[in-house]
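Residue-level structure breakdown
Each chain, letter by letter, is given below.
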Amino acid sequence: MKVSLTVCMILCLTSIVHADQGKAVFFEPPYSPSACYGTQSYGNMVAGVSDALWNNGRACGKSYRVKCIGGANEAPHPCKNGNTAVVKVVDYCKAGCQGIINLSKHAFSTIADPDAGIIQVEFNEV
Ligand SMILES: *[C@@H]1O[C@H](CO)[C@@H](O)[C@H](O)[C@H]1NC(C)=O
């Protein structure tokens, strides 16, 4: 009883702490070719990630649930009410990338107003 409580405290805490935060930008279609899959298309809910997540291409194919948590510039209230988007990593956002994650415009506009251009997000691998 005491042990399982302790285990839950550790696991439950880990799953909360696990969400990372960073900035997200977006890019316009077409969403291929991509650094991971060449000309093969993986639909509209895709993203590129910068060095912090890219891990030499091992990020390819991973899925992230992304949620807008605030603005990252002077644009007021860019977030769309608690919406989340699940995106598949298909691309590399090169050095100079302004965000940790470069979302397809489809994904970005699901969670925020694209007029903002850049937003603060919370994300975790799913
Ligand atoms: C986002 O990705 C697109 C397509 O790979 C790229 O052209 C664009 O420069 C990236 N945006 C940023 C801010 O790096």
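All figures in this text were calculated on a predicted structure; none of them were measured in a lab.

Considering the pattern of salt bridges
Taken as a whole, this structure holds 2 salt bridges when the rule is applied. For the salt bridge of Glu28 with Lys105, the shortest nitrogen-to-oxygen distance reads 3.6 Å. Separated by 77 residues along the polypeptide, Glu28 in the loop between β1 (20–27) and β2 (46–49) and Lys105 in helix α3 (residues 105–111) bring together distant segments of the chain. The partly exposed category is assigned to Lys105, whose relative accessible area is 28%.

Considerations on the site of the ligand
The full set of residues close to the ligand is Val25, Phe27, Asp91, Cys93, Cys97, Gln98 and Asn102. Asp91 is positioned with one of its side-chain polar atoms (N or O) 3.0 Å from an oxygen atom of the ligand. Taken together, the residues of the shell around the ligand sort by class into 4 nonpolar, 2 polar and 1 charged.

Examining the pairing of strand β6 (residues 119–125)
With 5 bridges joining them, β1 and β6 adopt antiparallel strand pairing. Bridge pairing in β6 links Gly22 to Val121. Relative to β6, strand β3 (residues 63–71) runs antiparallel, the two sharing 7 bridges. By the bridge assignment for β6, Cys68 is matched with Val121.

Some words on the packing of aromatic side chains
Using the criterion set out here, one finds 5 aromatic pairs in the structure. A centroid spacing of 4.7 Å and a plane angle of 45 degrees characterise the contact between Phe26 and Phe108, whose relative ring orientation is tilted. Separated by 82 residues along the polypeptide, Phe26 in strand β1 and Phe108 in helix α3 bring together distant segments of the chain. Classification of Phe26 as partly exposed rests on a relative accessible area of 21%. Note on Phe108: relative accessible area 0%, which makes it buried. Ring geometry for Tyr64 versus Phe123: centroids 5.8 Å apart, planes at 80 degrees, classification edge-to-face. With Tyr64 in strand β3 and Phe123 in strand β6, the pair connects residues that are 59 residues apart, well separated along the chain.

A closer look at empty space enclosed by the protein
With the rule as written, the count across this model stands at 1 cavity of 30 Å³ or more. Empty space within the largest cavity amounts to approximately 40 Å³. Partitioning the lining of the largest cavity into residue classes produces 4 nonpolar, 5 polar and no charged.

What counts as what
Residues numbered from 1 in each chain as written. Predicted model: local features only at pLDDT ≥ 70, side-chain atom pairs only at ≥ 80, totals over all residues. Heavy atoms only, no water. Salt bridge = Lys/Arg side-chain N within 4 Å of Asp/Glu carboxyl O. Helix = DSSP H or I, 4+ residues; strand = E, 2+ residues; numbered from the N terminus. Buried < 20%, exposed > 50% of the residue type's maximum accessible area, 1.4 Å probe, protein only. Near = heavy atom within 4 Å. Polar contact = N/O pair within 3.5 Å; in protein donor to acceptor, adjacent residues only side chain to side chain. Nonpolar A, V, L, I, M, F, W, Y, C, P; charged D, E, K, R; others polar. Pairing = 2+ DSSP bridges. Phe/Tyr/Trp six-rings, centres within 6.5 Å; stacked < 30°, edge-to-face > 60°. 1 Å grid on protein atoms, 1.4 Å probe; cavity = no way out; pocket = protein on both sides within 12 Å on 5 of 7 lines; lining within 4 Å. Points joined across faces, edges and corners; volume = space filled by probe spheres on them.

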